[in-house]
There are 2 protein chains.
Amino acid sequence: MPVERKGGVTISQVAEAAGVARSSVSRAYTKPHMLSPDTVEHIKAVAERLGYIPNHTARALSTGRNGNIALIVPDVANPFFPPLIRAAQGEADRYDFCVFLGNSEEDAEKEDKLLSRLSSQVEGVILASPRLSDERILAHASLKPMVLINRNVEGIPRVLIDSGTGVAQATRHLAEQGHRRIVYVSGPSASWSNRQRRSAARNTAAKLSLEFSVVSASVPSFEAGLQAVPSILGRKATAAIAFDDVMAQGVLAGLAARGVSVPEEFSVVGCDDALGPLMVPVLTTVSGQSVEAGKLSVSLLMQVLQSDALGDACYVLETHLIVRSTTNAAP
Amino acid sequence: MPVERKGGVTISQVAEAAGVARSSVSRAYTKPHMLSPDTVEHIKAVAERLGYIPNHTARALSTGRNGNIALIVPDVANPFFPPLIRAAQGEADRYDFCVFLGNSEEDAEKEDKLLSRLSSQVEGVILASPRLSDERILAHASLKPMVLINRNVEGIPRVLIDSGTGVAQATRHLAEQGHRRIVYVSGPSASWSNRQRRSAARNTAAKLSLEFSVVSASVPSFEAGLQAVPSILGRKATAAIAFDDVMAQGVLAGLAARGVSVPEEFSVVGCDDALGPLMVPVLTTVSGQSVEAGKLSVSLLMQVLQSDALGDACYVLETHLIVRSTTNAAP
DNA sequence: ATATTATGTGCAACCGGTTGCATGTCAACG
DNA sequence: CGTTGACATGCAACCGGTTGCACATAATAT
């Protein structure tokens, strides 16, 4: 037995039934203090009886505010993002905002399209780890309030997770354990985080006179990490720092498949702490701040929406190394 | 230097600039075949020059269609959902629909609120693994087209992942390995999947004359799995089937912490295959169908939106056991 | 050449609320 | 007792598109 659906009740119908003007019905909901308490009560009672539900779209049209924001991420399924998304949702909820989610699939062009499609129906946009060029980002920012996560574009409010400090710590940690040849397993080239992590690793390695090289991958996936293993081993390295935990996990799997034991023969460090303690062995990693970043980006956007021109805010979240079980003294 | 934002260009401005009526501008975009090709081209050129962007909200108001759907899940961060969300997104994209994401935090009341807030601004809703009562679900379904995932409410189109068959296979597998006492680690009581899995395990165990018991948890989290371990061991079981992979992983961690080795001394089976091969040891689990479910639910909803009353469709997705490294012969 | 149909465009009403302003009522005040 | 204001409510314009219908012009039929 299929469900039957009834058409919407409008403000006019309520007004007529209650014997008042449409404006009064409207005010009963949006500005009750302008009406006498009796009238408000009466109108609401009638509305209730009729099953009236205010039409969000109509309201949005006349007020110009729709109470929606968009959140665009490169890959929902990358474990770094779900906690961020969740935190953003929660924060948006506190402001009575709803969230459109966009998934760019790590593709700049798709990101561009999503941005166009979504931005026309939201009050503001949060762009997490965008793969888009600065120019396109600025173009979109000129149309809609925008907050960036992990992308440093001057003039646009942004939340940056400074994984540089954590990666530097990780590099130092490896050096202290006696590793002399280390590899950085690179993530997406358009990623600000990747550039930041890579240079932090490179600079620290240089300071400590370690042999340093980079193995590249385009997409931060388990498979990419897995496939990087031959290159890594080919360079005679004894330790690797991966762009993120997922790639690190791929590296671990690749090493295991080749019979290289971790951490006895090889050390691996991840990034983002996205997997937490879910794995065995538990990954040594650089702490993420995805929850904080998600929450902060929303509250920042809300500020922008209120004061209009917040201008050029830039919040930096610190990170640090979390030593667990995938690093050890060099063999 | 903060970005400057310019106000929207309206259809009227374009009309005036192009020397035509507003309706013609509208038609140039929505019904070009009604105008002469020259006019269309001219209007679009002018619109382009002015930077005109059609107002989605206004269009939605007059057409009654907004091209949005809502997807509500209990927990974005539960690894079962991200692939589902992603697949749903992708499919929605094909239909030029945008997706609101809602996160109920495993809470029926929050789900109810989200549903109310969201349903007024979408054409249809997809409810994944709802924790809400049948009554409330039906109430909402009477207002908006709805598709359910993993919830069997007659009269509402739904996609069910039949993990029963997979769990039965898992139970049989354990019996064949010589296990006589097994435990089911239960998930949320309001979850249809949980009831289905539990009874599949119980029934199969009964058929095979195994000792069977249930350890309960309310939320399917790593911690819940971890905390279930004492109870599990207290029952002298040698194998456990967990509600999902995340809980299974918690169980593994708890066992490891107590020095119980897997799979030598104890066997563990998960559900959903949400973690894939990311873990070591690789979890024996029941295949999930989250991607297929996400995709199917959207295309089903699209059908409902077109033909209005599709009525009572019910798609069932099969599952099966995937044997990996966390099960073995009973000790 | 006139009657008929097809085609392209404009007019104006409408979608469902919101809001500035005008009006009406009644109490407090000088 | 007339005036002033505060307060409650209604009127009507507006948000930015869409769409049924009317009308003018051009193409076709008779």
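Scroll up to find the structure.
Residues numbered from 1 in each chain as written. Chains lettered and ligands numbered in written order. Predicted model: local features only at pLDDT ≥ 70, side-chain atom pairs only at ≥ 80, totals over all residues. Heavy atoms only, no water.

A. Seen up close, unusual backbone geometry. Residue and element names in this part refer to chain A. Going from Val 262 to Pro 263, the amide bond is cis rather than trans, its omega being 5°. One non-glycine residue, Ser 209, adopts positive backbone phi at about 55°. Along the chain, the position of Ser 209 falls in the loop between helix H9 (192–207) and strand E7 (211–215). Judged by its relative accessible area of 55%, Ser 209 falls in the exposed class. (Helix = DSSP H or I, 4+ residues; strand = E, 2+ residues; numbered from the N terminus. Buried < 20%, exposed > 50% of the residue type's maximum accessible area, 1.4 Å probe, protein only.)

B. Layout of the relation of the copies chain A and chain B. Expressed as a screw operation, the relation of chain A to chain B combines 0.1 Å of axial shift with a rotation of 180°, fitting to an RMSD of 0.1 Å. A rotation of that kind, with that shift, is consistent with a two-fold axis. Ranked by how close their C-alpha atoms come to the rotation axis, the residues of chain A are headed by Phe 100 of chain A, at 2.2 Å. Here 100% of the contact residues of chain A are again contact residues in chain B; the copies associate through an equivalent surface. (Least-squares fit on C-alpha atoms with pLDDT ≥ 70 in both. Contact = heavy atoms within 4.5 Å.)

C. Geometry of the protein's contact with DNA strand C. Taken together, 30 residues form the shell around DNA strand C, and within it Ile 11, Ser 26 and Lys 31 of chain A together with Ser 24 and Thr 39 of chain B come nearest. In DNA strand C, atoms within 4 Å of the protein come from the sugar-phosphate backbone in 58% of cases. Taking Asn 55 of chain A, its main chain carries an N or O atom lying 3.5 Å from a sugar or linking oxygen of DNA strand C. In the model, a phosphate oxygen of DNA strand C is placed 2.9 Å from a nitrogen or oxygen of the Ala 21 of chain B main chain. Listing elements by their share of the surface near DNA strand C, those giving two or more residues are helix H2 (22–30) and helix H4 (56–63) of chain A together with helix H2 (22–30) and helix H4 (56–63) of chain B. The class makeup of the residues in the surface near DNA strand C is eleven nonpolar, 13 polar and six charged. (Near = heavy atom within 4 Å. Polar contact = N/O pair within 3.5 Å; in protein donor to acceptor, adjacent residues only side chain to side chain. Nonpolar A, V, L, I, M, F, W, Y, C, P; charged D, E, K, R; others polar.)

D. View of the packing of helix H1 (residues 11–18) of chain A against helix H3 (residues 37–50) of chain A. Residues and elements named next belong to chain A. Two elements in contact, H1 and H3, have axes separated by 9 Å at closest approach and are oriented at 120°. By the angle between their axes, H1 is oblique relative to H3. Of the two possible hands of crossing, H1 and H3 adopt the one that is right-handed. For the pair H1 and H3, the contacting residues are Gln 13, Val 14, Ala 17 and Ala 18 in the first and His 42, Ile 43, Val 46, Ala 47 and Leu 50 in the second. Along the lines of polarity and charge, the residues of the contact of H1 with H3 split into seven nonpolar, two polar and no charged. (Axes fitted to C-alpha atoms, helices over the stretch in contact; angles between N-to-C directions. Parallel < 35°, antiparallel > 145°, perpendicular 65-115°, else oblique. Left-handed = near helix turned anticlockwise from the far one by under 90°.)

E. Expanded view of the protein's contact with DNA strand D. In the vicinity of DNA strand D there are 30 residues, among which Ser 24 and Thr 39 of chain A together with Ile 11, Ser 26 and Lys 31 of chain B approach most closely. Near-protein atoms of DNA strand D (within 4 Å) split between backbone and bases, with sugar and phosphate holding 58%. Between DNA strand D and Ala 21 of chain A, the relevant distance is 2.9 Å, taken from a phosphate oxygen to a main-chain nitrogen or oxygen of the residue. For DNA strand D, a phosphate oxygen lies 3.4 Å from a polar atom in the backbone of Asn 55 of chain B. Only H2 and H4 of chain A together with H2 and H4 of chain B provide two or more residues apiece to the surface near DNA strand D. In terms of residue class, the surface near DNA strand D is made up of eleven nonpolar, 13 polar and six charged.

F. Quick look at the interface of chain A and chain B. Contacts between the two partners involve 55 residues from chain A and, on the opposite side, 55 residues from chain B. Where chain A meets chain B, there are six salt bridges. Summed over the shared surface of chain A and chain B, the result is twelve residue pairs in polar contact (both at pLDDT 80 or more). Looking at the side of chain A that touches chain B, the elements with two or more residues in it are H4, helix H5 (81–94), strand E2 (98–103), helix H6 (108–119) and helix H7 (134–141) of chain A. The biggest single contributor to the side of chain A that touches chain B is E2 of chain A, with six residues. Class assignment for the residues of the side of chain A that touches chain B results in 29 nonpolar, 13 polar and 13 charged. (Salt bridge = Lys/Arg side-chain N within 4 Å of Asp/Glu carboxyl O.)

G. Up close: the sheet that holds strand E8 (residues 239–242) of chain A. Residues and elements named next belong to chain A. Spatially, six strands are ordered E7-E6-E8-E9-E10-E12 in an open sheet, and the strand pairing comes out mixed. Pairing within the sheet leaves two strands with one partner each, and these edge strands are E7 and strand E12 (321–322). Relative to strand E9 (residues 267–272), E8 runs parallel, the two sharing three bridges. What sits directly across from Ala 240, in E9, is Val 268. (Pairing = 2+ DSSP bridges.)

H. Spatial organisation of H4 of chain A. Where H4 of chain A begins, the capping side chain belongs to Asn 55 of chain A, and its oxygen is found 2.8 Å from the backbone nitrogen of Thr 57 of chain A. One or two steps after H4 of chain A, the chain reaches Gly 64 of chain A, where phi turns positive at roughly 80°.

I. Highlighting the packing of helix H8 (residues 163–176) of chain B against helix H9 (residues 192–207) of chain B. All names here are of chain B. Taken N-terminus to C-terminus, the directions of H8 and H9 make an angle of 35°; their axes are 8 Å apart at the nearest point. In terms of crossing hand, the pair formed by H8 and H9 is right-handed. Residue-level contacts link Ser 163, Gly 164, Val 167, Ala 168, Thr 171 and Arg 172 of H8 to Gln 196, Arg 197, Ala 200, Ala 201, Thr 204 and Ala 205 of H9.

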